[in-house]
Amino acid sequence: MLDVLRRIVQEVNAAASLESALKIIVSRVQRAMKTHVCSVYLFDANTQHYVLMATEGLNPKLVGQVRLAPSEGIVGKVAARAEPINLEDAASHPSYYFVSGSGEENYHSFLGVPIIHQRNVLGVLVVQQKHRRRFDEGEEALLVTMSAQLAGVIAHAEVTGGISVSETGPVRQDAKFDGVSGAPGVALGNAVVVAPPADLDGVPDQQIEDIEHELERFSSALEQVRHDIRVVGRSLAKRLKGEEQALFDVYLRMLDDNALAGEVMAKIRQGQWAQGALRQVVQSHVQKFGLMDDPYLRERATDIKDLGRRVLARLQEDTPDICHIFPPNTILVAEEITPAMLGEVPTDRLVGLVSVLGSGNSHAAILARSMGIPTVMGVVDLPATRIHGKQLILDGFTGRVFANPSPELTLHYAEILREETRLTKGLESLRDKPARTLDGYDMPLWVNTGLVTDIALALDRGAQGVGLYRTEVPFMIKECFPSEQEQVESYRRHLEPFAPQSVTMRTLDIGGDKALPYFPIEEQNPSLGWRGVRVTLDHPEIFLVQVRAMLLASEGLDNLRIMLPMISTVTEIDEAMALIEQAFAELNDEGHQVIQPEVGVMIEVPAAVYQVRDIARRVDFVSVGSNDLTQYLLAVDRNNPRVAGLYNHFHPAVLQALQFVVTEAHREDVQVGICGEMAGDPGGALLLMAMGYDVLSMSSNNLPRVKSAVRGVNLTEVREWLTELLALDCPQHVEARLSDHLRAAGLSRLLRPSPAEMER
Ligand code: PEP
Ligand code: MG
């Protein structure tokens, strides 16, 4: 039966429209369960009725005609109760609703199960039989299983149907797809689906005679692709700095004779035609990378596939290339957005990016953040192949995409977009103004950086220091560990522009969802595994080189602070301190004029919260990584769209922990900062200020808003809000009350609608 089920799901998945998907469902389920009737009713949100959408056994003319209010008929009851109803004789049920001309009078036994997707009752799946009998437990279990499996497929098909306009049924508007935020911002535009230029997997093997000719063909295709990539790289040059540009060099190097290209040529020399040789080589690499648990390395598979397709397209020169026309307000959609795809769109036309696969740490997301392009990643349910040209709304704040938006939703988001633009313009004048509350309290606002591009933006926004430089970012866009000298240069580029203001450099924080292509970490449960300081303490050679480079880079500037990520026990601090001491002593012995930097620890795991005083005694400062702390306190994967609704830094447990950390650490007289996303949220930032945080470090894009919030309130008042909010027991109540306070303080302009408000 499992096989039957799997086949049905596959067939339904492949259906071109909602209508045909439903037809397949009723006919296959009827056959599989050997019933006389199988029908499916779906909820029409516009009319608030359950509509007969497809039937096998009842009068087909009634499809689209039978409409039942919730609780009307047995079907309505199944939906209202959200549980199956199994009847020997439907006609004798008090809710029985006879539809004349349906032929239902011939069928006595009835089994209806709700179709539920993400807590919503989408409709009801019904089977009926002529004779009076209750469906047995096995049959009921089977229909429930079918329905559960088909719910996702129907939800998917329903949206697709909504997008491609179904004649017979309801058209679903504002179809919402959840992903994770890749880069903040809102975009309204049209989907341009970037399909791979060539289907590599479909290439057959073929033997050839003229090997020299084939090698030439391949070399010329390769040269053209190299040229294409250079053009793409150049088109992005204005918006990217040296290190990010290096991504394109990595791309080009993959095509080197001693890399992919060399392997393809070797196969051609064995008599395989160029296309076949290319497919074999690419597939074998993709398979190797694709099997890896490590998300970064899986992304490498995407890069290789992308390159393979490009070369194939060039080899198939007589087959016309798919020519994409990019209209104004293009929202680029792809199964997996690659940096090269991003560069193909004229920048003045690109307003957003949507990637079905990938996470907030994908290359494309890193670049998008730096370029300020709103992006949603990991929209796994999006029917990417079917939405080309359709209108989309992208919400990069909450990580959502809406297809087929209603005029109401479009207006709503257009207003948010206008507000954002107005606000950004309006806030420009704040650059040189202090982050001072109305009652005279100065709140230090620092920034988080990673790419070189971030530095200019940070300075432009009037940052007072760097609270978190994510050093793994430059490591991620390299092909091997950077040498000590390379690191010195890179760190100097960060330290110099900010001097004498502090720059807090975090030691390499890899593992979890951040991996290096040249240092694979394969684990069952990476978030709880070998990450952050756990990796670098196991590899002192990597740690020492990095610390030495940081210290050397700071020579004469003396504005370096070193920060340790993912500390869960004090011995890790002691060990890391000993290594930092060692690096310091070495450099002094070597005659360098370096001074002892301040050293701090990130508070990112619950263990560190409870031991914060023990930690504080050992260091100069602590800084809360609220992104990870929220993840670990709530046991919610920060990159999983399915549980994104549970991830909330306003959760009372998180607030309590944050208050505890600052109070306890202050008892040891150390500076307490925070560098997670919460610090960049105006409401969150105010609460943290009231809790007593000494430094708020955030992405540069958020700094003006936070400054504006700080300048619009009295610290004494915000302390009162905090007392009230700390007594609440649920995140939504905290958010709602915080919004009330912000509105009352005249700061509504800084409010972004919360995900709950977006549900409308
Ligand atoms: C955090 O966890 O809050 C943090 C700032 O670090 P990252 O987001 O890089 O894990
Ligand atoms: Mg972290």
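Per chain, residues are indexed from 1 in the order of the written sequence. Each chain gets a letter, beginning with A, and each ligand a number, beginning with 1, in the order they are written. With pLDDT at 70 or above as the cut-off, local features in this predicted model cover only qualifying residues; side-chain atom pairs require 80 or more to be listed or tallied, and sums for whole chains, interfaces and linings still use all residues. Side-chain figures throughout are based on the complete set of non-hydrogen atoms in the structure, without hydrogens or water.

1. Comments concerning the site of ligand 1
Operational definition: Note on terminology: near, applied to a residue and a molecule or strand, indicates that one of the residue's heavy atoms is within 4 Å of it. Throughout this description, a polar contact denotes any pair of N or O atoms lying within 3.5 Å of each other; where both atoms belong to protein, one of them has to be capable of donating a hydrogen while the other can accept it, and for residues adjacent in sequence the pair is counted only when both atoms sit in side chains. All accessible areas in this document rest on Shrake-Rupley with a 1.4 Å probe, and a residue is counted as covered only by the protein chains that are shown. For helices the rule is a DSSP run of H or I covering at least 4 residues; for strands it is a run of E covering at least 2, with both sets numbered from the N terminus onward. Put simply, Ala, Val, Leu, Ile, Met, Phe, Trp, Tyr, Cys and Pro go in the nonpolar bin, Asp, Glu, Lys and Arg in the charged bin, and everything else, Gly too, in the polar bin.
Around ligand 1 sit 13 residues in total, of which Arg470, Arg506, Gly625, Asn627 and Arg638 are the nearest. Here an oxygen atom of ligand 1 sits 3.3 Å away from a polar atom, N or O, in the main chain of Gly625. Within the contact set of ligand 1, an oxygen atom lies 2.7 Å away from a side-chain nitrogen or oxygen of Arg638. Within the complex, the protein chains bury 99% of what would otherwise be the 290 Å² of accessible surface of ligand 1. Of all elements in the fold, only β16 (466–470) and α21 (626–634) reach the threshold of two or more residues within the shell around ligand 1. Of all the elements, α21 adds the most residues to the shell around ligand 1, at three residues. Looking at the shell around ligand 1 residue by residue, the class counts come to three nonpolar, four polar and six charged.

2. Focus on the sheet that holds strand β13 (residues 391–395)
Counted only if it meets this: Pairing between strands is defined by DSSP: at least two bridges between them are needed. Axes here mean lines fitted to C-alpha atoms, for a helix over just the part in contact, with angles spanning 0 to 180 degrees between N-to-C directions. Whether two residues are in contact is decided by their heavy atoms, any of which lying within 4.5 Å being enough.
Read from one edge of the open sheet, eight strands run β7-β14-β13-β9-β10-β11-β12-β8, paired in mixed fashion. Each edge of the sheet is formed by a strand with only one pairing partner; in this case those strands are β7 (175–178) and β8 (180–183). Put simply, the sheet's adjacent strands are angled 30 degrees from each other on average, direction ignored. As defined by bridge partners, β8 adjoins strand β12 (residues 375–377) across three bridges and the pair is classed as antiparallel. Bridge pairing in β12 places Val180 opposite Met377. Docked against the sheet, helix α12 (residues 407–427) engages β9 (186–193), β13 and β14 (400–403), running at close to 115 degrees with respect to β9.

3. A closer look at a negative patch on the surface
What counts, and what does not: Two distance rules govern patches: like charges are joined within 9 Å, and nonpolar side chains (Val, Leu, Ile, Met, Phe, Trp, Tyr) within 5 Å, applied only to residues with over 30% relative accessible area and no salt bridge. The working definition used for a salt bridge is a side-chain nitrogen of Lys or Arg within 4 Å of a carboxyl oxygen of Asp or Glu. The sign given to each residue is positive for Lys and Arg and negative for Asp and Glu; His and the chain ends receive no count. To locate a charge, take atom NZ for lysine, CZ for arginine, CG for aspartate or CD for glutamate. The classification of residues rests on relative accessible area computed with a 1.4 Å probe and restricted to protein chains. Under 20% of the type maximum is buried, over 50% is exposed, and intermediate values are partly exposed.
On the surface, Glu209, Asp210, Glu212 and Glu216 cluster together to form a negatively charged patch. Along the chain, Asp210 falls in the loop between β9 and α5 (211–237). Look at Asp210 and you get partly exposed, because its relative accessible area is 46%.

4. Some words on the nonpolar core
As a reminder of what qualifies: Here the nonpolar core consists of buried residues drawn from Ala, Val, Leu, Ile, Met, Phe, Trp, Tyr and Cys, with membership extended through side-chain atoms lying within 4.5 Å.
Of all hydrophobic cores here, the largest spans 165 residues; its most connected members are Phe218, Leu332, Ile603, Leu658, Leu686, Tyr693 and Leu696. The element best represented in this core is helix α17 (residues 540–553), accounting for nine residues. The contacts of Leu658, once residues within four sequence positions are left out, are Val624, Leu629, Ile674, Met678, Leu688, Met691 and Tyr693. Core analysis: the next-biggest nonpolar cluster, separate from the first, contains 35 residues, Ile8, Ala15, Ala21 and Met33 among them.

5. Digging into the domain arrangement of the chain
To keep it simple, the criterion reads: Annotation comment: domain bounds sourced from an automatic or database domain assignment.
According to the domain assignment, the chain contains domain 1 (2–159), domain 2 (175–195 + 324–423), domain 3 (204–320) and domain 4 (431–759). Each of domain 1 and domain 4 was reduced to a C-alpha centroid, and the two centroids are 52 Å apart.

6. Considering the sheet that holds strand β1 (residues 37–44)
Strand order in this open sheet of six strands is β3-β2-β1-β6-β5-β4, and the pairing throughout is antiparallel. Because the sheet does not close on itself, it has two edges, and the strands there are β3 (67–68) and β4 (85–87). Alignment of β4 against strand β5 (residues 109–117), held across three bridges, turns out to be antiparallel. From the neighbouring strand, Ile85 faces β5, where its bridge partner is Gly112.

7. Remarks on the coordination of the magnesium ion (ligand 2)
Operational definition: Counted as coordinating are nitrogen, oxygen and sulfur atoms within 2.8 Å of the metal, or 3.2 Å for Na, K and Ca, while water is not included, which may make sites look incomplete.
The protein atoms that coordinate the magnesium ion (ligand 2) are Glu604 (OE) and Asp628 (OD), at distances spanning 2.0 to 2.1 Å. One end of the pair, Glu604, is in the loop between β19 (598–603) and α19 (606–610); the other, Asp628, is in helix α21, and 24 residues separate them in sequence. Note on accessibility: Glu604 and Asp628 belong to one class, buried.

8. Re the pattern of salt bridges
Scanning the model with the defined rule gives 35 salt bridges in all. Notably, a salt bridge pairs Glu496 with Arg492, separated by 3.7 Å at the nearest N-O pair. Remark: Arg492 and Glu496 occur in helix α15 (residues 484–498); sequence separation between them is four residues, near one turn of the helix. With relative accessibility at 27%, the residue Arg492 sits in the partly exposed group. We note a salt bridge from Asp509 to Arg506, for which the minimum N-O separation is 3.4 Å. Here the residues in one salt-bridge network are Glu472, Arg506, Asp509, Arg531, Asp628 and Arg638, joined through shared partners.

9. Considerations on the packing of aromatic side chains
Let me state the cut-off plainly: Side-chain rings of Phe, Tyr and Trp, where Trp is taken by its six-membered ring, are said to pair if the distance between their centres is within 6.5 Å; with planes under 30 degrees apart they count as stacked, over 60 as edge-to-face, and otherwise as tilted. A ring is scored as having a charge over it whenever the NZ atom of a lysine or the CZ atom of an arginine sits within 6 Å of its centre and within 35 degrees of its normal.
Evaluation of the coordinates by the stated rule reveals eight aromatic pairs. Both rings, one in Phe43 and one in Tyr50, keep their centres 4.9 Å apart while their planes meet at 50 degrees; by these two values the pair is tilted. Ring geometry for Phe481 versus Phe519: centroids 5.4 Å apart, planes at 65 degrees, classification edge-to-face. With Phe481 in the loop between α14 (472–476) and α15 and Phe519 in the loop between β17 (503–506) and α16 (533–538), this residue pair connects regions lying 38 residues apart in the sequence. Taking the relative accessible area as the measure of exposure, Phe519 reaches 13% and is therefore buried. In this structure an aromatic cluster arises from ring pairing among Phe475, Phe481, Tyr518, Phe519 and Trp530. Cation over ring: Arg133 sits above Phe135, and NZ or CZ is 4.8 Å from the ring centre.

10. Here we look at the pairing of strand β6 (residues 120–129)
When you tally the buried positions in β6, you get eight out of ten residues, the bulk of the element. As defined by bridge partners, β1 adjoins β6 across six bridges and the pair is classed as antiparallel. Looking across to β6, one finds that Ser39 is bridged to Val126. When β5 meets β6, the two strands line up antiparallel, connected through nine bridges. Following the sheet pairing, His117 is matched in β6 by Asn120. Hairpin connection between β5 and β6: a loop of two residues separates the two successive antiparallel strands, and Gln118 in this loop has a positive phi of roughly 45 degrees.

11. Details of the environment of Val706
Among the structural elements, Val706 can be located in helix α24 (residues 703–711). Between the C-alpha atom of Val706 and that of Asp178, which follows or precedes it by 528 residues, the distance is 27 Å. Look past the residues within four positions of Val706 in its chain and what remains in contact with it is Leu445, Ala679, Gly680, Asp681, Pro682, Ala685 and Met698.

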